[in-house]
Amino acid sequence: MSADGTLTEDPSADEALVRSLLESQHPDLAGLELRVVDGGWDNRMWRLGSEPAVRMPRTPHAPGLRRKEHRCGCTGNLRPANVVGNVGALTGVIDFGDMCAGDPATDLSAAWLLLPSGSAEHFFTEYVRADEATVLRDRGWALLRCQGLIEFGRAGEAGLTGGEPTWKGPALEALSRVLASPP
């Protein structure tokens with residue numbers, strides 16, 4: 001990221017490079033359709049056929065984040081843009097760049113960002129392993145994530161590279177849910 005907050009991207013991670021790597025490392029997959037997926041922050045995503053995906057480093061610190069994700073599942077960054085769903089069910093998690101040390105509160109905070117209004121309270125009632133201190137920490141993590149997502153949304157509204165205007169609304173809704181729920 002540059003000093004003005006815009007995303008600086010490695011221009012060499014283009015379709016030609018991905019094709020070349022596939023041909024040399026996975027010739028069995030090289031013939032599949034390849035299309036870029038909109039989004040991604042540290043890695044550019046490419047859909048390879050109908051199921052697999054390819055991630056290519058997009059920022060200078062992306063390789064370090066990829067090494068970190070191999071050392072640390074807890075993702076520490078469960079939010080709407082990093083989960084895959086099908087008919088209301090969580091089916092996958094992507095983007096493990098913001099790994100954490102294993103505090104369940106970081107992943108539990110996703111309940112505030114991903115579940116519909118009124119569901120987080122029920123979730124924590126049913127999730128008996130979350131003691132009061134963990135639930136309080138997960139609310140803090142949720143507030144921090146809401147703030148970040150709102151800032152990405154504002155950057156997108158301002159037309160800044162890397163901003164995501166569609167993130168602001170859901171983040172404001174999640175913020176309202178966290179603040180409206182009794183501690």
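From a predicted model like this one, the values you see are computed outputs, not experimental measurements.

J.: Could you clarify how one ought to interpret the confidence of the model for the protein chain in this entry?
T.: Detailed reading of predicted coordinates is not advised where the pLDDT is low. On average, residues of the protein chain score 79 in pLDDT, and 78% of them reach the 70 mark or higher. Looking over the protein chain, one finds the lowest element-wise mean pLDDT in strand β5 (residues 89-93), namely 71, and the highest in helix α1 (residues 15-25), namely 91. Across residues 1-7, confidence stays below pLDDT 50; counting only partners more than four residues off in sequence or on other chains, it has 12 contacts.

J.: Any chance you could explain the sheet that holds strand β3 (residues 53-57) here in plain terms?
T.: Whenever strands of a sheet pair, they do so through backbone hydrogen bonds, lying parallel or antiparallel. Reading across the sheet, the three strands line up as β1-β2-β3 and stay open at both edges, with antiparallel pairing between neighbours. Strand pairing shows two members of the sheet lacking a second neighbour, β1 (34-37) and β3, which therefore form its edges. On average, each strand axis in the sheet is inclined to that of its neighbour by 30°, with strand direction left out of account. In terms of strand pairing, β1 meets strand β2 (residues 43-48) through four bridges, oriented antiparallel. Counterpart to Val-37 in the pairing with β2 is Met-45. Running at roughly 120° to β3, α1 makes contact with β1, β2 and β3 of the sheet.

J.: Looking at this structure, how should I read the pairing of β2?
T.: Working note: regular strand, side chains alternate between the two faces of the sheet. In this sheet, β3 lies alongside β2 in antiparallel orientation, the contact comprising five bridges. Across the sheet, residue Arg-44 finds its bridge partner in β3, namely Met-56.

J.: Sorry, what's going on with α1 here?
T.: Listing the buried residues of α1 in full gives Val-18, Arg-19 and Leu-22. Projected onto a plane normal to the axis of α1, the buried residues spread over an arc of 100° and lie on a single side. In α1, the exposed positions that point more than 90 degrees away from the buried face belong to Ala-16, Ser-24 and Gln-25. Each element contacted by the buried residues of α1 is listed here: β1, β2 and β3.

J.: What is the right way to read the nonpolar core from this model?
T.: Side chains that are nonpolar tend, in soluble globular proteins, to be buried together. Counting 16 residues, the largest nonpolar core has Trp-112, Leu-113, Ala-120, Phe-124, Ala-130, Ala-142 and Leu-149 as the members making the most contacts within it. For this core, the elements supplying multiple residues, two or more each, are α4 (110-114), α5 (119-126), α6 (132-157) and α7 (168-180). In terms of residue count, α6 provides more of this core than any other element does, five residues in total. Ranked by size, the runner-up nonpolar core spans eight residues in total, among them Val-18, Ala-30, Leu-48 and Val-54.

J.: How should the side chain of Ser-109 be read in this particular structure?
T.: Within the secondary structure, Ser-109 sits in the loop between α3 (104-108) and α4. Overall, Ser-109 belongs to the buried group, its relative accessible area being 0%. Among all residues touching Ser-109, those that are not within four sequence positions of it are Asp-138, Trp-141, Ala-142 and Arg-145.

So, how was this worked out
Residues numbered from 1 in each chain as written. Predicted model: local features only at pLDDT ≥ 70, side-chain atom pairs only at ≥ 80, totals over all residues. Heavy atoms only, no water. pLDDT = per-residue confidence, 0-100. Helix = DSSP H or I, 4+ residues; strand = E, 2+ residues; numbered from the N terminus. Contact = heavy atoms within 4.5 Å. Pairing = 2+ DSSP bridges. Axes fitted to C-alpha atoms, helices over the stretch in contact; angles between N-to-C directions. Buried < 20%, exposed > 50% of the residue type's maximum accessible area, 1.4 Å probe, protein only. Arc of directions from axis to C-beta. Core = buried A, V, L, I, M, F, W, Y, C linked by side-chain atoms within 4.5 Å.

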